[in-house]
Each structure stands twice: as structure tokens, then as C-alpha cells.
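Architecture and fold: a report
Below are the chains, spelled out letter by letter.
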Amino acid sequence: MKRFDYADEFISEREIMIAVPSIVIGVGALSFPKSLASMTIAADGWLPILVGGVIAVLITWCIAKMSASFPNQSFLTYASRIVTKPLALVLTFIFSILSLQIAIYQMRQIADISKQYIFDQTPVEVIALVFLLVVIYAVAGSRVGLFRLNALFLPIILFILLLLIVFSLNKFEKEHLFPIFETSFMEYVKGMDSVISSYTGFGILWFYIVLVKQPKKAPKSAAIGMCVPVILYILIFIVCIGVFGNEVTRNLIFPTVELAKNAEIPGEFFERFDSVFFTIWIMAIFNTATLALDVSVFALTSIFKKTPKHKILFILSPIVYIVAMFPENFLEVSTYGTYIGYTVFLYSIFVVILLYTVGKLRGVRFSD
Amino acid sequence: MSRRRMKTQRRKRKTNNPEENFSKILHKDLEKNIINLKNMLDEPNDLVIRKFMVGGTDYKCAIAYIDGLVNEDLVYNNIMKNVQLFANQKQLPNVKTELFDVIYKRIISTVDMDIGYNFDDLSLALLSGDTIFYLDGIEQVLITDTKQWEARGIEEPISETLIRGPRDGFVENIQTNLVHLRRHIRDPNLRLKKHYIGRRSKKTLVVAYIDGVINPKIVKEINRRLKSIDMDDAPESGYIEQWIEDSFLSPFPQCLNTERPDKVSASLMDGKLAIFLDGTPFVLIFPATLASGLQSPEDYYERWAVGTLLRGLRYLAAFISIFFPALYVALVSYHPGMIPPKLAFSIAATREGVPFPPFLEALLMVITMELLREAGARLPTTIGQTIGIVGGLVIGESAVQAGIVSPIMVIVIALNAIASFSIPTYTLSISFRILLFGFLFAAAAFGLFGIILSYIMVNIHIVNLKSVGIPYSTPFSPTFLKDWNDLILRSPIPTLSKRPQYLETEDDESGDLKGEKQ
Amino acid sequence: MTKRNLIQIIICFLLLVLSAGCWDQVNIEENGFVIGTAVDLSNNDSDGNINISLTNQIVSPDELGTPTNEGSENPPFINLTTTGDSIFEINRKMLKEISRVPFYGHSRLVIVSEKLAHNPELFASMLDVFIRDQEMRRGIKIIIAEGEAKNILDIDPKPEKLPVMHIDMITDNSYKSIEIIEPVTLGRLHDYLLHKNSYVLPKISINNDGIDYSGAAVFDGTNDKMVGTLNGLETKGMNLIKGDTKEGMIKFKVNNHIMAFDLERAKKRIDIKVEDPKNMEIFITIKAEGKLAEMYGSKTLSNPSYIKEMEDKISKKIEQLADLTIDKAQKELKLDILDIDKTLKEKHYGTWRKIHKDWENKKNYFSNSRIHVSADVKVREVGSTDRVKEKEHE
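Residues numbered from 1 in each chain as written. Chains lettered and ligands numbered in written order. Predicted model: local features only at pLDDT ≥ 70, side-chain atom pairs only at ≥ 80, totals over all residues.

The next point concerns the overall build of chain C. A count of helical and extended segments in chain C gives 12 helices and 14 strands. Every one of the 394 residues in chain C was classed for burial, and the buried ones make up 39%. Long-range pairs, those at least 24 residues apart, make up 69% of the contacts in chain C between residues at least 6 apart in sequence. (Helix = DSSP H or I, 4+ residues; strand = E, 2+ residues; numbered from the N terminus. Buried ≥ 20, exposed ≤ 12 C-beta atoms within 10 Å, placed from the backbone. Contact = placed C-beta atoms within 7 Å.)

Facing 21 residues of chain C, the contacting portion of chain B comprises 23 residues. Only β1 (31–42) and α2 (61–64) of chain C provide two or more residues apiece to the side of chain C that touches chain B. If one sorts the elements of the side of chain C that touches chain B by residue count, α2(C) sits on top with 3 residues. Its residues assigned to classes, the side of chain C that touches chain B comprises 9 nonpolar, 8 polar and 4 charged. (Nonpolar A, V, L, I, M, F, W, Y, C, P; charged D, E, K, R; others polar.)

All names here are of chain C. Summarising the sheet, strand β12 (residues 257–273) and strand β13 (residues 281–295) pair through 14 bridges and their orientation is antiparallel. By the bridge assignment, Lys267 is partnered in β13 with Lys287. Relative to strand β14 (residues 370–381), β13 runs parallel, the two sharing 11 bridges. Paired with Ala288 across the strands is Val377, a residue of β14. (Pairing = 2+ DSSP bridges.)

Residue and element names in this part refer to chain C. Under the domain assignment used here, chain C contains domain 1 (29–230) and domain 2 (232–394). Each of domain 1 and domain 2 was reduced to a C-alpha centroid, and the two centroids are 32 Å apart. Of the residues lining the interface, 20 residues belong to domain 1; the matching set on domain 2 comes to 20 residues. For the side of domain 1 that touches domain 2, the secondary-structure elements that each account for two or more residues are β9 (210–220) and β10 (225–230). A total of 5 residues in the side of domain 1 that touches domain 2 trace back to one element, the largest contributor, which is β9. For the side of domain 1 that touches domain 2, the residue count by class is 9 nonpolar, 7 polar and 4 charged. (Domains from an automatic or database assignment.)

We now examine the sheet that holds strand β11 (residues 248–254) of chain C. Residues and elements named next belong to chain C. Strand order in the open sheet formed by 4 strands is β11-β12-β13-β14, with mixed pairing between adjacent strands. One side of each edge strand has no neighbouring strand; the edge strands of this open sheet are β11 and β14. Neighbour-to-neighbour, the strand axes of the sheet open up by a mean angle of 40°, direction not taken into account. Its contacts with the sheet place helix α9 (residues 304–333) against β11, β12, β13 and β14, and it is angled at close to 145° to β14. Across the sheet, helix α10 (residues 340–347) is in contact with β12 and β13; its angle to β12 comes to roughly 40°. (Axes fitted to C-alpha atoms, helices over the stretch in contact; angles between N-to-C directions.)

The interface is formed by 29 residues belonging to chain B together with 29 residues belonging to chain A. For the side of chain B that touches chain A, the element with the most residues is helix α17 (residues 426–464) of chain B, which contributes 12 residues. Looking at the side of chain B that touches chain A residue by residue, the classes come out as 16 nonpolar, 10 polar and 3 charged.

In this structure, Met107(A), Phe131(A), Ile451(B) and Val112(C) are the most contacted members of the largest nonpolar core, which totals 288 residues. Here this core takes 21 residues from α17(B), the largest share from any one element. Residue contacts for Ile451(B): discarding those within four places in its chain leaves Phe323(B), Ala326(B), Leu327(B), Ala330(B), Phe439(B), Ala442(B) and Ala443(B). By size, the runner-up hydrophobic cluster in this structure holds 35 residues, among which are Phe170(B), Val213(B), Ile218(B) and Ile275(B). (Core = buried A, V, L, I, M, F, W, Y, C linked by C-beta atoms within 7 Å.)

Attention shifts here to the packing of helix α13 (residues 273–303) of chain A against α17(B). Taken N-terminus to C-terminus, the directions of α13(A) and α17(B) make an angle of 35°; their axes are 10 Å apart at the nearest point. Taken as a pair, α13(A) and α17(B) cross one another with a handedness that is right-handed. Touching Ser275(A), Thr279(A), Ile282(A), Met283(A) and Phe286(A) of α13(A) are Leu448(B), Ile452(B) and Ile456(B), all from α17(B). Of the residues belonging to the contact of α13(A) with α17(B), the class tally is 6 nonpolar, 2 polar and no charged. (Left-handed = near helix turned anticlockwise from the far one by under 90°.)

Below you can see the structure in the form of C-alpha cells.
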């Protein structure tokens, strides 16, 4: 019955279930309908979302299962047991770099979109800096604190998304959804391509499962958690197409925010929903950025055991800021995002397969 | 730090001084003892020492007490009279030690009596209102409980008035307060653990909890923290609170304080712990969470639908008292597009001619509001009301007429003030006022973006904050869904058959929905 | 160590906030709220470039008054006209002419003059800034004006206070009339502009005692140029075929008595025979329901055959209206304003893929197709009375 002990630093499997959608839902949800709509016909894009989602859920489950089969061992420890220490160090280091890049990308995007939707004159550098300071403040706190933050924010995020969908329904035209299944196979594959980069983030499981008290239950909850963004993405996509039509969707840079701009609030209480929606969405992006930065710090602390967490964080933060200011325009940022999305996704798959096959070949026991 | 060290040094010097080193032990000689006592207290004029003979013998004895702290009837009827008169009728032993024993067991007839062996026992007892009985030739004294002094009667607490609920409140006397508690909880497992706080004041502090309900780790931690307290005096329980709280940087109160016995007993039943301090009616309740600060005992006294609505209203009040002026400033200076057109035009029209930007306007009004509140609190009730009228009418109306603030800003601030008054926990409502300023600055600098980032920062702080090891943000997060039936929703009383899970109580059932358990 | 760091961070943050913030702060009363815009074509300048003149209706809130304080006699708005060759440039120019910063967040209408709309490409390019700018909302309505657009912003708005609000409310009430098309928002127009299909926009004009909001302007989708207009009757026919109408009135005659049928629900169904693309047959079925709203003459309505007769008459009338519009679309405009193309895409995607480029142009499959309309009308209610006057001799 005991859920947590006095001054506990462990998390429950439910918190894993919340953390997974928290990191996955981020900037990607604002822009993915654009790229997906441009690959597919009418609303056919839901199929790639679903297929990509199922793959993502499977990988999530695999990662959680593999991590959970080494209870109370960090990624570095069990990876060293399977593929020798030097290689494990390299793997961990790459993870750290990749999650750092996710944090960088999220931060840059939030600054750009904020500038576009709520500011006009304020420089991107300042917006990003303010956001980064808050992220650092969160990461500098306790690690369980982050999971609690996720649990506080995720319901609000889901609620505002639901509200967005409900408010958009009266502009929904079902004619926009037709014809169905006219997209060719190659276009589906290309569509899946563009979806996959919005599904990244489940790599955090490699590191966080060790904090779970009952790791055996973790794979199931992680998989359930991963289903949340899949369902949400399908809903967002269909509503976008239903409201705008395929042609307009593929020409909007952030279709989801435009959806909010288009939404009508009954009672004219607020005139514009997009500012409200985007303001709340900052929480989602904050969740993604903090978890990504924290995983990066976590991975590095497992490599440099003697350096304290705060020191690593304070070394990383300026790097995050400087790299985030690197891309010059919108196009570069989104290319950067797609590239990171891919790399992280593929790298996760690669590590799963590598660890599993090498583990089997060398006969390392995966305890259940 | 350094000041404390100096104090300790001074104390050490004092005790080393041979002249002031009254012998800690009691002498056989009565006179010597009395001189020692007088020396120690420097012969105050409220010290009464009465020497007399034990009835029918030649043994000298004396009683000593502090005038005003004791019930003199009791001293006369049960001590002096008995020793002087009734002793006559009995066959008294000749040996002094035996005589002392007889007096202790047979003659003095007070309820609470003890034997003191040294001056430390004696002085503490004397100064707490006990009467000391000396018998010549004995190195011990009798300490009889004769405490009684003028005290305030029991009244309804002013700081927490309810429409429905018991009308009694705690008073300054800890004994009376514990009696209150005993009358609410007749559980043999109710534990009242005594501590003495204050180097010089030696105040009684009682930690109350129900054994078998409370998580023992909380008791252990509280006791550990109480033992660490080292200061001269604790005039109010606020000193204790600030000494043992988890984070002194936090704007949030990490324990609740109350004057209501019903609230304390309900908290103990939930598996919390209460700290009583002598000399103050305010009792501390540990641990506290953010949600518990927004609850009032009345939620349970009214029917569940009413209770639920009130809770919802309070969360709304909390929202308004933190965000409202900041949101107004953000909307008016950064996002006029979010305001419906007719309202936007109307705000623009009323702001026409106001010399300050909305942020300064809001700051001005909020500070005025705080001044009014502070002035009202310091003044007697009747004048306090006048201040309200002066503030409301003169400042509100004239400021608008003079064009210093816009009428809509007055509405915003007024609503904000009302909301902050409707939060049941005063300390929490004050911390919300502190946050309000932060949000106002953030809104002035970055509009909605600033507000949401500040909100995130407050959340980060809350999830990292703990009250005696219990996360401050629970049961929202870490989530205890089963506790949500008594969070914003207040389920019907029969369904509230479980104690809060977040407290990790030893006995988690407080009742049974199906009726009496066999 | 960490505590000191924390304090440092907090100090930095505060400094940053206090010194660096406030870039975007514009106090609400410093905004010039633009609630409507009229775009006209002005004379070409010396270089032969086309010049646009933009008129913004800017609210002056002070004159508008608050509930307690009635506004003054002056009109509560300013119409500001500036000329230039890009909208963005015009906006910047406007800053020099008015003390307030134009703010488009509350904009309701964009009125475009016919003359400008007749210019190929210009119409779309002009609207670009309205769609691109973040301040603009996708709910802004686009209306085509006969004559000068800016004159429409000068009408007497009684009982409203602002001309734009007056027009805005009139367009909102259009669902009650079948002769008016539903207002087209910027968001929808974005969709239109991205497609090659032709589309219609509502039209407005000034008559003696106010504005006249009726009819529609037809645009060619390939170059987004206005090519023609529909009058009230034609609009009615188009609305019936497109099924856009929710309510509307249809007048018909039975035995020379004028009757009015109040349409409450209309559903359309389009079936296309695509075997021979060059000679397609299109069947449009309109199912309408409604009630009898007004009746001249005094025949009893309790007779089922009489109701049947009425229903037939109404069906005839609807078919007649539809044919009128189809004729105009196929013969005169040669444009598919009826959105039959959409049905083709939904139901016969393969055929649509092959022919959609030539649907309205070149080979013009649309004009060559044969369209059959049939209507099926049900009179559900007759009102609260059977007859109002006594039976006459017939």
C-alpha cells in the first residue's frame, strides 16, 4: 500500500505514464499537420500517424522492457555489462548529446513561435533566454520534482487541446475529409517519414526506468503513455483537415495554432483563442525541454560520476543557448528539427537492436 | 550565529561565578533554603513565604508561592489548614523523614503533588504557579499544583469565523487548550508529548497526535526538529513554525495555524500532528499542503454540494487573487486583440487621459489596497470600518474622478482584494499577495508569456517544496486519485471512509460506507 | 554554493526583466483599432504601376462613449485613406498620418472594390498581407463593393454607431435570406485562392437610403479575377443547388394565388455519370422541407391533394431557379460555381485526377456536361391556422 516513503526520491509507474506523453508532445504537435498534409491526399494522413504511432509504441515498450529487466541498474551499468564499458560510455554520451539537441530545438522553436504569435519587437534572444532560465531552474531542482511538474501540467495541456477541438467543431466540414484512401503507397511512406520526427522523446526511458520503484510494471504504463500522443495527433490532424482542408493545411506553417486562431469561443468571453492556446502550450514545450535537458544532465552525471549535477547543468546551459541561436531563419530551424527527430528515433531503434542482439549472443541474462 | 555564541559564553561565565552559584541542592536547614530562594529571585514583592509549625509538633515548615499565580483558597484550605490543624488529631511520627512521608501521603490534600529534589525543579514549579512546601531538616520539598491565574474567557476566534460550527476557540492557557482537545478526542491513543521550549522562558510545548493513525516518521521528524530549537523565548507559535519549517525561502506557509479546536481534532483524525504552545491560542498543524490551505472546516459541516461549490469558489478566488491584475495588465498592454471589441473600446475610452501605463496604475492601486488593509488591521474595529469607507469611497471614486486611475482598474483591484479575503487561511492569502507582485512584474515585462513562465516557476517551487517530508503539491502531484474525493469535490460524508492517502497513515480507514463494522 | 547561485540567477532575472522587457508594450488607448478596411484601385502613377488606396475605419473610443458617459456628437470613427503600391507600405505610411498605431486585431471586414477585383492577380496579391499577418484573424469577412469601396464605410450606420458593425451585423443575418450567400471569411478565401476552382463572394452596393447587400461576384480561380456577377434570383438558384441554405423563402403560385414557402432544410445529392468525360451527365436532387408561411386565397389545407399540388409547384419553382443558374454558369460564365467539381473529387477521384485541369478551362468539361435537376419538396407545417378568410367562389 505504501506509495511513497518519507522524503522519497523514487517514482511510480504512473509517473512514467505521464512523462512519456509529456516529452513527446511539444513543438511537433503544432507543425506536423503541415508536412503530413503535403504528402497525403485529403485526410489520409491519419494512417501514417497510426502506423508510425504503433511502431513508436512498440519501441517504447521494448526500451522500457529492456531497462526494466535490469532493475535498479542505470543505463551505463547494464550497457557496460552487455557491450563493454567503452562502448557503453559512447552510447551514453551520444544519448546525452541528442537529448541536449531536443532541448535546444524546443527552446529555439518556442522563441520563434512566441515572437510570431505573441510578440512583435521583442528579440528572439531574450525570449529564449527567459525560457531557458526557467528550464534551468526546473532542472536544478529535484528530479522527482520534474515528474510532479509533468503530472501538474499534462492535464491542463490535454484540456486545452480538447477545448481547441471542441471549439473548432462548428467550422468542421466533413467534405474536406474525402476522398479517402487515394494516397499511393509511396506517399504513405513519405508521410510516415514526416510523422516520425514528431514522435521522438521516448529515449528518456533508457534513463528514467531506474528511478521506478516497481520496474516490472513500467513497460505497460510507458506503452499506454505513448498511445496518448498517437491519439491526440490523429485527432489534431483530422480536425485540421476538416476545418481547413488539405490544401490550406499544407500551406500553413503552424496549422494547430492557426486552428486556435480560427476557433470561435462561445459567448465571446475571449476574443482570440490562439493566444490562450499558445500560452498554455508553452507548458507542453517546457515539459519537453526540461525532461530533455534533464536526461542529458543525467546521462552526463553517470559518465562523470564525480562532477556534481549543478556543475554539469551550469556548463551545459550556455551551450544550449548559443547553439539555439545558431540557425538563421525559420527554414533552418525546421530542417534542424526534422534531422534531430530522425536521428533520435533511429538511434533509439539502433540501441534496442544492438543491446538485444549482443546481449543474446554473449548470453547476458535478461531477468524478468 | 555569532550572537548566539556570545550568549552561550555569557551564560557559561554566569554559572562559573561562585557568588551567584546558588547551591543546586537543597539544604537540610530551612532558613538556609529560604535565604537561597530569596537570593535567587532577588526578593521580589510577589514572592510569599509563610513559616509555621506542623500542628502539634515543633517541626518548622514553610510554604512559598508567587502571589497571583496560585489559587490562595486552595493553598489555605488544603495545605496550611491541613498541616496546622488536622495534623493535631493524628499521631505523628517523630522521625522527620517519616513525618515528611506522612505529610505527603496523608495530610496535604491536593490532587497533583510531586517531590522536588533540587533548585531547578523548585524554581520552575514556583514560577509556573505551584506552591512549595518545606519541612525543616529534609533535603526535599513538596511541590503542589495550585495554579490559577486570570485568563481570557473562551470566545469564538476572530481570525476564523464560521457561520456554522462550534463557537469555541483556543485561549492562551495550554491546559485549557488541551482540555478542549481531550473533549473532542476520547481516544486512549491520543498522545500529548511535552517539550520545554526556550532557554529562559521554558514554555510548555505539547505535540499532539493519535498513535496508530499518524505515520510515525512524521512524529520522529517533528521531534527531531523540536529538539534542535535553541532560543531564549518563543512568545508565539510563529517562532516555532519558522524554526522548524522546511524552507525559509518559500513564500508559502509550510504548516497551518488555527484557533479552532474542531479543526485541530479533524486534522489529528486525518493523521496529522498538532503543536500547542503555552501562551498563544494559535496551534500549528503539520504537515500542510497547498490544497489544505484552501479548505475550511465549514466545508464538512454544510452538505456536500454546498461544500463542493464553496471549494470550487475558493480555487477561483485563489486564481483571481494571484492572477487578475497581472492578466489585466498583460491584456491591456500586450494583447488588446484578446479582449472582445466592445470591451476593448470601452477600456480604451476609460483609459484615455490616464497618465500612467497600466502596470504603474495597477501597482499603485495594489499598494494602496495593501495600505488600507494594514491600516484597517491595526485600528480598533470601529475605526477600521471608517478606514474601509474612506478607502473605498475616497480613493476609488476620487482617483477615478481625478483621472489618476481608470474605473476598470478599480474594479479589477477591488475584485482581487475580495478574492484574497475569501481564502480561509490568512497566511496563505498573504503569500498569494506576495506572488501577485511577482506576476504583475512578469506581466509588465513579457505579457502573457511572462505570466505563464512565472506560473511555471511557482509550480517548480511547489513541487520541490515539502512540509515535513510530505510534498506540498500532493495530492495533485504526486497524484493520489483516491484523495480527490476530498479535494475540490467534497464527497458526501459516508463516502469519506478513508484517511488521506498522501499522509501514509497506519490506519487508513476512518469509517465504513456499509455502516458499522462488525 | 547552490544557494548563492540561485540568488545570482534570481538577481540576473530581475535585472533582465526590469531593464530589457517592455519591447512590445503598447497601452490599449494608444492603439488605433481598425475595424474595417476598404481597398480601392486608385489612378496609376507616372511609372505605370498600379496604385492601391486603402481606407481604414479606425474607432475613436472616446467618441464611442461608455455605458455611463454617452459619446459626443462627432462620429465615433475616422476613415483614413492612404495610397501606395503595397498594403504593408501603406500601413507604414499611415503611421505618419495618425497618432495611433493601427491595430488590426479587431478587424471585421475587408471591402474590395469591383474595379480592383477585375484586375487579374492583383486581388490575390492584395489579400496576401491580410492572410499572412498574424494580427489579422481568419474570421474577417471579404465583401466586393460595386463602385468605390471606401464610400461604403461612410454610410449612416443607425441604429449602430459604426458603419462596419452595421454591415457586419447585416451579413451575419444573411442566413435568413436565400438570395444572399453566406459571408466568406479570410480563412475560406485562403482555401479558394489555393485552389484553381472558381468561387463567389458576396456583393454590396450603395443605394439611396443605405446599403444593399445582395447578389454575388464570380471569380475565376485560375487568375483570381472577377469575371461576372449573379443577381438575386441566380444566387437563389446557386444556394439551392449547393445546399448552403438553411433557411429561405420561395414564392410560388397556385391558381394565380401567390404563396410563400418557408424553406427550413434543404439537402442536395449529386450523382455523376463519368463513363464519358466529354459528355458527363450530372443529376442533382434537391430535397427540401419547410412550412407554408403565407398564403393568398382561401382553399382549405386539410385536403392532401391540395398539399401535394403545392409541393409540386414548389418543386417546379426550385427546378426552374436551379436551371436558370446552371444556364448562366454553363453558357455565360463557363465556370463551375456550383462546386460540382468537389463532388467529382470526392466520389470519382480517378476521373477527377484526369480531368480536373480542364474542368473549367480549355476543354471545359463542365460546360459540356448535361445537368438535370429534380426537386422533392415536403410541406411539413402550415402554420397555426387552416384558413384565415372565408371561402370564396372560384
